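Observations on the three-dimensional arrangement
Chain by chain, the residues:
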Amino acid sequence: MRYGEADRILHLYTPHRGRVGAIAKGVRRARSRFGGRLEPFFRLRIELHEGRGELLTVTGADTVNGHARLRGDARALDAAARACDAVGRLFETSEPHPGVFNLLCRKLSLLDERAGTAGPHAGPAPSATTVGPVTDRAGALAFRLKLLLAAGLAPQLGACASCGEREHLVGFSGAAGGVVCGVCEAGSFPLDQDAYAFMTAALARPLSEAPEAPDPALGQVERAISATLEHHAHLRLMPAVGRLG
Ligand SMILES: [Zn+2]
């Protein structure tokens, strides 16, 4: 955010201090010592001075990765903004979550690697066993599932979240916190096999090998994530992808 005449207030996500607010003084002057480094989606090694105020002061910054390709691709930029927004809202305190920091770094570098390349329907027909570049939506949802896991909100997928039944799992209930069986399905919504397979694979695999699924199944996955967050964190995220995605 622009602040005052030449300053900027930054929202930083750090491995050991969680979400941090900082002020960069004079950063908008043409000859600022920070150059163009304090921009969105930069990964930085940063020096901060802690005074009495709520905001820390940036005293030095080196670029670890500026994600130059990502910055030239509107869809990748939009995806990066949604990823950062999700992390900022789910992990908004100073509590450290180094795993979340690593996950966000991985997400930004994947977006950077793939920027300007595959369109949403390039490559083979989507399936839950595809390995490789996936649609923006599948990638965004796999990322969110991993955030849920890091937040201790991973949906229960192995058995009915209400009664423990392992067969006839037909729906998903945000209130119950996972899949539910035919007996417990009241208040749930349907979850297809494709959506179920996507969720289990996304949680089990690294982000770079995120699974794929047909769009209706991804819609169910997104609904399952939203229902979980609304019931257990009272949180609503932006849609996983924008109109460009
Ligand atoms: Zn049940």
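Residues numbered from 1 in each chain as written. Predicted model: local features only at pLDDT ≥ 70, side-chain atom pairs only at ≥ 80, totals over all residues. Heavy atoms only, no water.

Describing the nonpolar core
This is how it is decided: Only buried residues count toward a nonpolar core. Its members are Ala, Val, Leu, Ile, Met, Phe, Trp, Tyr and Cys residues joined through side-chain atoms within 4.5 Å. Only protein chains enter the area calculation, which uses a 1.4 Å probe; residues under 20% of their type maximum are buried, those over 50% are exposed, and those in between are partly exposed. In DSSP terms, a helix is any run of H or I states spanning at least four residues, a strand is any run of E spanning at least two, and both are numbered starting from the N terminus. The contact rule is simple, with two residues in contact once any of their heavy atoms fall within 4.5 Å.
Grouped together as the largest cluster of nonpolar side chains are 53 residues, with contacts concentrated most on Phe143, Leu145, Leu147, Phe198, Met199, Val221 and Leu229. Of all elements in the fold, only helix H1 (74–90), helix H2 (98–114), helix H3 (136–150), helix H4 (193–204) and helix H5 (215–233) reach the threshold of two or more residues within this core. When near neighbours in sequence (up to four residues on either side) are disregarded, Met199 contacts Leu145, Pro155, Leu157, Phe172, Leu191, Val221 and Ala224. In terms of nonpolar packing, the next biggest core, distinct from the first, is built from eleven residues, Leu10, Val27, Phe34 and Ala61 among them.

Comments concerning the confidence of the model for the protein chain
Short version of the rule: Per residue, pLDDT captures the predictor's confidence, and it can take any value from 0 to 100.
In this model, the protein chain carries a mean pLDDT of 91, and residues with pLDDT of at least 70 account for 93%. Taken element by element, the predicted model of the protein chain shows its lowest mean pLDDT in strand E1 (residues 2–3) (94) and its highest in strand E7 (residues 178–181) (97).

Describing the coordination of the zinc ion
For clarity, the cut-off: Any N, O or S atom lying within 2.8 Å of the metal counts as a donor, with the limit raised to 3.2 Å for Na, K and Ca; because water is left out of the atom set, some sites can appear incomplete. Here a site with four donors is tetrahedral if all angles are between 85 and 135 degrees, and a site with four or six donors is square planar or octahedral if opposite donors are over 155 degrees apart and the other angles are between 65 and 115; anything else gets the irregular label.
Summarising the metal site, the zinc ion is bound by the protein donors Cys160 (SG), Cys163 (SG), Cys181 (SG) and Cys184 (SG), whose distances to it range over 2.3 to 2.4 Å. Here the zinc ion is ringed by four donor atoms whose angles at the metal span 106 to 115°, and the overall shape comes out tetrahedral. All donors of the zinc ion belong to a single chain; written as a sequence motif, their spacing is C-x2-C-x17-C-x2-C. With Cys160 in the loop between H3 and strand E6 (169–173) and Cys181 in strand E7, the pair connects residues that are 21 residues apart, well separated along the chain. Here the two residues Cys160 and Cys181 agree in accessibility, since each one is buried.

Examining empty space enclosed by the protein
Put simply, the rule is: Only protein atoms enter the calculation, which uses a 1 Å grid: trapped sets of points that fit a 1.4 Å probe without letting it out are cavities, open sets showing protein on both sides within 12 Å along at least five of seven lines are pockets, and any residue with an atom within 4 Å of a point is a lining residue. Grid points are joined across faces, edges and corners, and a volume is the space filled by probe spheres set on the points. All residues other than Ala, Val, Leu, Ile, Met, Phe, Trp, Tyr, Cys, Pro, Asp, Glu, Lys and Arg, Gly among them, are scored as polar; the first ten of these are nonpolar and the last four charged.
As enumerated under the stated definition, the model contains two cavities of 30 Å³ or more in all. Each pocket or cavity is described by its volume, and for the largest cavity that value is around 60 Å³. Ala79, Arg82, Ala83, Ala86, Lys107, Ala140, Phe143, Arg144 and Ala240 together form the lining of the largest cavity. Listing elements by their share of the lining of the largest cavity, those giving two or more residues are H1 and H3. Per-element tally for the lining of the largest cavity: the top contributor is H1, with four residues. Of the residues that constitute the lining of the largest cavity, the class distribution is six nonpolar, no polar and three charged.

A few points about the packing of aromatic side chains
Cut-off, in case you're wondering: A pair of aromatic rings is counted whenever rings of Phe, Tyr or Trp (Trp by its six-membered ring) have centres within 6.5 Å, and the orientation is called stacked for planes under 30 degrees apart, edge-to-face for over 60 and tilted otherwise.
Enumeration over the complete set of coordinates arrives at one aromatic pair. Taking the centre distance of 5.9 Å and the plane angle of 40° together, the rings of Phe172 and Phe189 count as tilted. Here Phe172 is found in strand E6, whereas its partner Phe189 is found in strand E8 (residues 189–190), with 17 residues between them in sequence. Of the two residues, Phe172 and Phe189, both sit in the buried class.

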